[in-house]
Amino acid sequence: MKSECHPGRRLGGRPSKEEAERLGAKILDGARAVFGTRGIGHASLDEIASELGVSKHTIYRRYPGKAALLEAVVGRDIARFRQALVAAGEAGTEPLDKVRRIARSYVAFGTARDYAAFYLSVNAEAAVSPSLREQLAIWSAAALEPLAEAVSVAQGTGVLRPGDSLLARDVLIDLMEGVNNRVRLAAGVIPDVERLFEDRWQVFLAAMSTPADPGR
């Protein structure tokens, strides 16, 4: 007599690879939402499990605690963020165009509402947690590698002033974060993101372009 089994589910009731991946994504999505709305410090695994409609043991089977779950959520975000920056750079035609496109992608990612809520929660917790602050610095460095590389190439071709590529990257990031914060904290009408970006891009060029190519 043949055993009946749920489509896509292995014999013995074990979830298929596709089901396991869907559950994993569901847990990370739910945790991200709770972290963003409740804050890292106030969110609990019990609350996350309740929001997802799963048992806490389902989460514990994958992550030993909240810190590991947070790391998984951030790790997935960083992978997506980094890939967005890489794709933006690949769409550029010239070294400076690549830097500009990556910077614009940074703003697009950083001003997205769901990302902004989570980002602010992580940074608020990092302000009082040295371990999270240290980990956040590691995550940020990995995520921003495509921008640092693009800046270094632009410096090597002479369209940006030679020097420390990480310093030039940080100057650009500080300017782009100014755009992000104006949008994140806007009350009422959302500011014109394109205008904010272009104004700050011109400031970056004024500071970092070579004298022979100041108008690029």
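Described below are features of the structure shown in this document. Predicted model only: the values in this text are computed from it and were never measured.

The rules behind these values
- Residues numbered from 1 in each chain as written.
- Predicted model: local features only at pLDDT ≥ 70, side-chain atom pairs only at ≥ 80, totals over all residues.
- Heavy atoms only, no water.
- Helix = DSSP H or I, 4+ residues; strand = E, 2+ residues; numbered from the N terminus.
- Rg over C-alpha atoms; globule rule 2.2 N^0.38 Å.
- Buried < 20%, exposed > 50% of the residue type's maximum accessible area, 1.4 Å probe, protein only.
- Contact = heavy atoms within 4.5 Å.
- Lys, Arg positive; Asp, Glu negative; His and termini not counted.
- Charge placed at Lys NZ, Arg CZ, Asp CG, Glu CD.

1. What about the overall build of the protein?
- Tallying secondary structure elements over the protein gives ten helices and zero strands in all.
- A compact globule built from 216 residues would reach a C-alpha radius of gyration of about 17 Å, whereas the protein, at 21 Å, exceeds it by more than 25%.
- Dimensions of the protein, computed from C-alpha atoms along their principal axes, come out at roughly 80 × 40 × 35 Å.
- Looking at the 216 residues of the protein, the share that counts as buried comes to 41%.
- A fraction of 63% describes how many contacts in the protein between residues 6 or more apart in sequence connect residues 24 or more apart.
- Averaging the positions of the 29 positive and the 27 negative side-chain charges in the protein gives two centres separated by 5 Å.

2. Concerning the side chain of T210
- One can find T210 in the segment after α10 (193–208).
- With a relative accessible area of 11%, T210 lands in the buried category.
- Every residue in contact with T210, bar those within four places of it in the chain, is listed here: G158, V159, L160 and R161.

3. Details of the side chain of R200
- Structurally, R200 can be placed in helix α10.
- When neighbours within four sequence positions are excluded, R200 is seen to be in contact with L175, M176, G178, V179 and R182.

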